[in-house]
Amino acid sequence: MEHNTVAVVGLGKIGLPLAAVFSNNGFYVNGADINKKIVSLVNMGKSHITNEPGLNTLLEKAHQAKTLTATINTVDAVSKSKVVVVIVPVLIDDNNNVNYQFIDSAVYEIAKGIRKGTLVIFETTIPTGDTRNRFGKKIEEISGLKMGNDFYLAYSPERVYSNHILNNLKEYPKIVGGINERSLELASNFYAKALNCKVIKVSNLETAEFTKVAESVYRDVNIALANELAVYADQKGVSMLEVIKAGNSQPFSNLHYPGVGVGGHCIPVYPYFFINRGLANGLIFTARKINDSMSKYAVKLIEKEIGDIKKQNILILGLSFRENVKEVFKSSTLLLVDLIKQKEANIFINDPLYTNLEISSYGVTPLSLEDEMVKNIDIIILQAFHDEYRELKFENFSNCKLIIDGRNVLNKNEIEKLGIEYKGIGN
Ligand SMILES: NC(=O)c1ccc[n+]([C@@H]2O[C@H](COP(=O)([O-])OP(=O)(O)OC[C@H]3O[C@@H](n4cnc5c(N)ncnc54)[C@H](O)[C@@H]3O)[C@@H](O)[C@H]2O)c1
């Protein structure tokens, strides 16, 4: 087991970029994933991720230098590595309970492969205390090794933003917490070399875990505040966008932007890691409710303008939860679809990142922007502002009466010039 060997467990949207960077910074990476297709692509120097600038080049280089290989055998990858980085998701289920299914099974394999002296670093966002009490204990139980003495244990949250990961990995300081001084030192030295980034050492595992969830909660609560104010500003006939611009002209105000909802598997998910563990009745829970109610508000705006929407043809732009990312988890589009179906309107969805088959699997009709049907669309809701929509020709929607700009990004004047009513959220 060479000193500079790393197992990256989970080669997904975050794990693969991490593996690519480590393997270009002097480390031999043993990637592990349960998905055979991902593993075979990585072993050919290729990526299953299409929207991460710079990633393909790094993978090709690592492939040529033979510094990155992948396997479906996590035990083997771990047993060959001095450092193990875990980046397998923890999700929430339909009732917002924490779902550990994937990571528990990864931890089981890690425990079977671990050797004395290995450093295990968890990067997945998790409820506070899990590194020590759930995963560390499980590894001890199965391996018979003692955490802190026989193997080292650290937590370092992944704070990157899809589409910008390689830059973020260089620019954002890496927050690191350890179970003891030695674990902290080993993990900090590892990141300083493997990512060539600044490291912020915190007092313990729990502080590092808490920090990541706190960052997500901060975003969710501030977006909820912007949403609540936007709805109120609408009532008062005030543009929230103008308020934000004016108000943020001093350093103590950082009003966020309102929108049609918050999706993805980060911001709407991690608040439940606090809510479910003792912070049930506070601001965080209220913020979740407000952000999830914005799709209802968008439908209300439509009804205010159009009246009954039964049989109206409504096109939603973007199935994804946000621009330029292929991810549907908790997308506001799913909430909009549910509401609009109840009102018996006809729903069409366009998203250049998805095939028609993928879109139809959500029980809606896919619509190409070249289709003649665009002439029969009555209402458009912009949910995810993909790059493809920057040049969108709204004049092709010759019968469109109303556009709801769920991201406050479209040109209001040009839309109104076409005789189409424009409504932003708080604008
Ligand atoms: N996606 C983001 O924008 C983002 C940003 C910051 C942090 N994160 C953190 O990164 C975590 C991973 O996110 P992601 O976007 O890479 O997820 P992802 O779904 O793209 O990838 C997860 C990978 O883990 C693999 N996997 C599942 N179970 C496994 C197992 N038992 N053993 C080995 N591999 C297994 C899957 O096959 C998949 O390839 C998130 O849960 C979150 O905590 C994500």
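Being a predicted model, the structure only gives us computed values, none of them experimental.

> Before we move on, could you go through the site of the ligand and cite the residues and values that matter?
Lys13, Ile14, Asp33, Thr125 and Tyr270 are the nearest of the 26 residues found near the ligand. Within the backbone of isoleucine 14, one N or O atom sits 2.9 Å away from an oxygen atom of the ligand. Within the contact set of the ligand, an oxygen atom lies 2.6 Å away from a side-chain nitrogen or oxygen of aspartate 33. Summarising the interface, the protein chains cover 89% of the accessible area of the ligand, which totals 840 Å² for the free molecule. Top contributing element to the shell around the ligand by residue count: helix α5 (residues 101–113), with three residues. Class assignment of the residues belonging to the shell around the ligand gives a composition of 14 nonpolar, eight polar and four charged. Two domains share the shell around the ligand, each providing at least three of its residues, namely domain 1 (5–203) and domain 2 (206–427).

> Which residues make up the domain arrangement of the protein chain, and what values go with them?
As assigned here, the protein chain comprises domain 1 (5–203) and domain 2 (206–427). Summarising the inter-unit geometry, the C-alpha centres of domain 1 and domain 2 are found 33 Å apart. Counting residues at the interface gives 28 residues for domain 1, matched by 25 residues for domain 2. Carbon and sulfur atoms make up 56% of the surface buried where domain 1 meets domain 2, a total of about 2,300 Å² over both sides. Per-residue buried area on domain 1 facing domain 2 is highest for Ile92, Thr125 and Thr128; these three make up 25% of the total on that side. Counting the contacts that link domain 1 with domain 2 gives three salt bridges. Elements with a minimum of two residues in the side of domain 1 that touches domain 2: α6 (130–143) and β9 (174–178). Residue classes in the side of domain 1 that touches domain 2 are distributed as twelve nonpolar, eleven polar and five charged.

> Give me the pattern of salt bridges: which residues, what numbers.
The final tally for this structure, using the stated rule, is 22 salt bridges. When the shortest N-O distance is used, the salt bridge between glutamate 305 and lysine 423 registers 3.9 Å. Pair noted here: glutamate 305 is in helix α13 (residues 294–306) and lysine 423 is in strand β16 (residues 421–424), with a separation of 118 residues, a long-range link. By relative accessible area, lysine 423 is classed as partly exposed at 24%. Each of Glu123, Glu158 and Lys174 takes part in one network of salt bridges that share partners.

> Residue-level account of the nonpolar core, with values.
Core analysis: the biggest nonpolar cluster contains 45 residues, and Val84, Ile103, Val120, Phe122, Ile139, Phe151 and Phe273 have the highest contact counts within it. Split by domain, this core shows at least three residues from each of two domains, domain 1 (5–203) and domain 2 (206–427). Non-local contacts of phenylalanine 273, meaning those with residues more than four positions away in its chain, are made with Val90, Ile92, Val98, Thr125, Ile126, Pro127 and Val213. Residues Val6, Ala19, Val39 and Ile165 belong to the second largest nonpolar core, which totals 40 residues.

Rules of the game
Residues numbered from 1 in each chain as written. Predicted model: local features only at pLDDT ≥ 70, side-chain atom pairs only at ≥ 80, totals over all residues. Heavy atoms only, no water. Near = heavy atom within 4 Å. Polar contact = N/O pair within 3.5 Å; in protein donor to acceptor, adjacent residues only side chain to side chain. Areas by Shrake-Rupley, 256 points an atom, 1.4 Å probe, with all protein chains shown as cover. Helix = DSSP H or I, 4+ residues; strand = E, 2+ residues; numbered from the N terminus. Nonpolar A, V, L, I, M, F, W, Y, C, P; charged D, E, K, R; others polar. Domains from an automatic or database assignment. Contact = heavy atoms within 4.5 Å. Buried area = accessible area lost by both parts, 1.4 Å probe. Salt bridge = Lys/Arg side-chain N within 4 Å of Asp/Glu carboxyl O. Buried < 20%, exposed > 50% of the residue type's maximum accessible area, 1.4 Å probe, protein only. Core = buried A, V, L, I, M, F, W, Y, C linked by side-chain atoms within 4.5 Å.

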